[in-house]
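Residues per chain, in single letters:
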Amino acid sequence: MRHYEGLFILDTVGTTESVDDIIKAIGELIAEGGGKVIGEQKLDRRGFARTANKKHSGGFYVSLMFDMEPEALREFKTTLGKRGDIFRVQITLTVPTTA
């Protein structure tokens, strides 16, 4: 398994789900792919420096650290792209830190 950090910008406009519900759903998708969530950090709602349209003037930022196989990561990204409550995703490969 590889260690990843994902930055998710959630679009809560027009959805009945809370931010915590969306984060939980992302965690469940990671688990379905055989992965494991290591850490979570909610970064609060922030406005965008440049807006493409008035519908998306900002989003709720969440950072998740997780372990997952590279093959499962491709399917995970595809599934995230189909969700309307996730505006943007950036996933980077990281080196796990040892305490």
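Quick summary incoming for the structure in this document. Computed from a predicted model, the values in this text were never measured in an experiment.

Attention now moves to the pairing of strand β3 (residues 58-68). Within β3, 10 of the 11 residues are buried, leaving the element largely enclosed by the surrounding structure. Taken together, the nine bridges between strand β1 (residues 2-10) and β3 define a ladder with antiparallel strand orientation. Looking across to β3, one finds that Y4 is bridged to F66.

Considering the arrangement of structural elements, one finds Y4 in strand β1. Y4 sits in the buried class, given a relative accessible area of 5%. Once the C-alpha coordinates of Y4 and V37 are considered, the two residues, 33 residues apart in sequence, prove to be 9.6 Å apart. Dropping the residues within four chain positions of it, Y4 is found in contact with L64, M65, F66, M68, P70, L73, I91, T92, L93 and T94.

Moving on: helix α2 (residues 70-82). For α2, spanning 13 residues, the distance from its first C-alpha to its last is 19 Å, which sits close to the expected 18 Å at 1.5 Å a residue. For α2, the complete set of buried residues consists of A72, L73, F76 and L80. Within α2, the buried residues cover an arc of 100° as seen down the axis, which keeps them to one side. Turned more than 90 degrees from where α2 packs its buried face, E71, R74, E75, G81 and K82 sit exposed. The inward-facing, buried residues of α2 abut β1, α1 (19-32), β3 and β4 (86-94).

So, on to the environment of E17. Tracing the chain through its elements places E17 in the loop between β1 and α1. For the pair E17 and D85, spaced 68 residues apart in sequence, the C-alpha to C-alpha distance is 8.6 Å. Setting aside chain neighbours within four positions, we find E17 in contact with I22, R83 and D85.

Reading the values: the criteria
- Residues numbered from 1 in each chain as written.
- Predicted model: local features only at pLDDT ≥ 70, side-chain atom pairs only at ≥ 80, totals over all residues.
- Heavy atoms only, no water.
- Buried < 20%, exposed > 50% of the residue type's maximum accessible area, 1.4 Å probe, protein only.
- Helix = DSSP H or I, 4+ residues; strand = E, 2+ residues; numbered from the N terminus.
- Pairing = 2+ DSSP bridges.
- Contact = heavy atoms within 4.5 Å.
- Expected span 1.5 Å × (residues − 1).
- Arc of directions from axis to C-beta.

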